[in-house]
Amino acid sequence: MLVSAAVCPHPPILVPAMAGEAAPELDALRAACDEAVRPLLGGDALIVVGGAPETRRYGPDAYATFQPYGLAWTSPDDPKDGTEALPLSLSMGRWLLDRQGAGGDVRYQDVRYQAVAFDASPAECLALGRDLAESAGRVALLVMGDGSACRSEKAPGYLDERAGPYDEAVARALKDADAGALAALDPELSRQVQAAGRAAWQVLAGAHGPGADAARADAARPDVARAGAARADEGGAGRFTGRLLADEAPYGVGYFVAGWSRARQEG
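Residues numbered from 1 in each chain as written. Predicted model: local features only at pLDDT ≥ 70, side-chain atom pairs only at ≥ 80, totals over all residues. Heavy atoms only, no water.

Let us look at the pairing of strand S7 (residues 139–144). Here S7 lies mainly inside the structure; 6 of its 6 residues are buried. Residues Val139, Leu141 and Val143 line one face of S7 and the alternating positions Ala140, Leu142 and Met144 line the opposite face, and both faces are buried. As defined by bridge partners, strand S2 (residues 45–52) adjoins S7 across 6 bridges and the pair is classed as parallel. Following the sheet pairing, Val48 is matched in S7 by Leu142. (Buried < 20%, exposed > 50% of the residue type's maximum accessible area, 1.4 Å probe, protein only. Helix = DSSP H or I, 4+ residues; strand = E, 2+ residues; numbered from the N terminus. Pairing = 2+ DSSP bridges.)

Here we come to helix H4 (residues 122–133). Over its 12 residues, H4 runs 16 Å from end to end, which matches the ideal 16 Å to within 8%, given 1.5 Å per residue. Taken as a whole, H4 has its buried residues at Pro122, Cys125, Leu126, Ala127, Leu128, Gly129, Leu132 and Ala133. (Expected span 1.5 Å × (residues − 1).)

What follows concerns the state of the cysteines. Considering all chains together, one arrives at 0 disulfides under this definition. In this structure Cys8 is a free cysteine whose sulfur lies 3.8 Å from that of Cys33, the closest cysteine sulfur available. (Disulfide = S-S within 2.5 Å.)

Pairing is mixed in the open sheet, where 7 strands are placed in the order S3-S6-S2-S7-S1-S9-S8. The open sheet terminates on both sides in strands that have one partner only, identified here as strand S3 (56–58) and strand S8 (240–248). With strand direction ignored, the average angle separating the axes of adjacent strands in the sheet is 20°. Most of the contacts of helix H2 (residues 27–37) go to S8, to which it runs at about 165°, and overall it touches strand S1 (2–8), S7, S8 and strand S9 (255–262). Seen against the sheet, helix H8 (residues 198–207) touches S1, S2, strand S6 (111–117), S7 and S9 and runs at an angle of roughly 160° to S7. (Axes fitted to C-alpha atoms, helices over the stretch in contact; angles between N-to-C directions. Contact = heavy atoms within 4.5 Å.)

Any link to function would need more than the numbers given here.
Structural data, given as structure tokens:
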């Protein structure tokens, strides 16, 4: 059962050593990520979810690295021979966990890494989220994903007038812990505005609760997907509270940080 989740962006420039003199510009964003990640520790399972070319699970010996981006950093420092490197999104997740104190609060032998294909269908994402939520008694997800890369003329994808409203809808869904809204994100529009986090956010939507089944079956119909999430909330099992800790686009790319926690039941 999903009990908590954090949503964070995964640009390499979030790492101070990668940002160089520009590092202070993202101090607030890093602090928000730390605040979102901290409550995830201590459950039965902590799963890092992020976009990648293909959907697959990585083994416990997989290592994080920024070497493809010009920084000689790996975690752990000395990976075992023959082990696999994590993709960028999951490597950034591991880096955020490192900031919580490796060998202290974070027990890396209990951390799992799940990649989801950037082009995975909503139904596939929602099903994966359901499976992850059912994989342990108390599951926490660290969901890595960027918003649109088309927020300004200097953005990597140049300016797309649809990017602002798209990111506003995502930010609202994260703030409200609205799984139905995330489930209803259009994959084609997401691709056009270069929102790298769409698939990972829909995995979170699937993990949200019983309403994921209805949303998964009708993800192509936003009205039905939203109704499914609403039914879950009415039943109590799907109630989460959300906090939007950051909503920025400093380089023309949307970066969101949010935390979800399961609301306590009354009575």
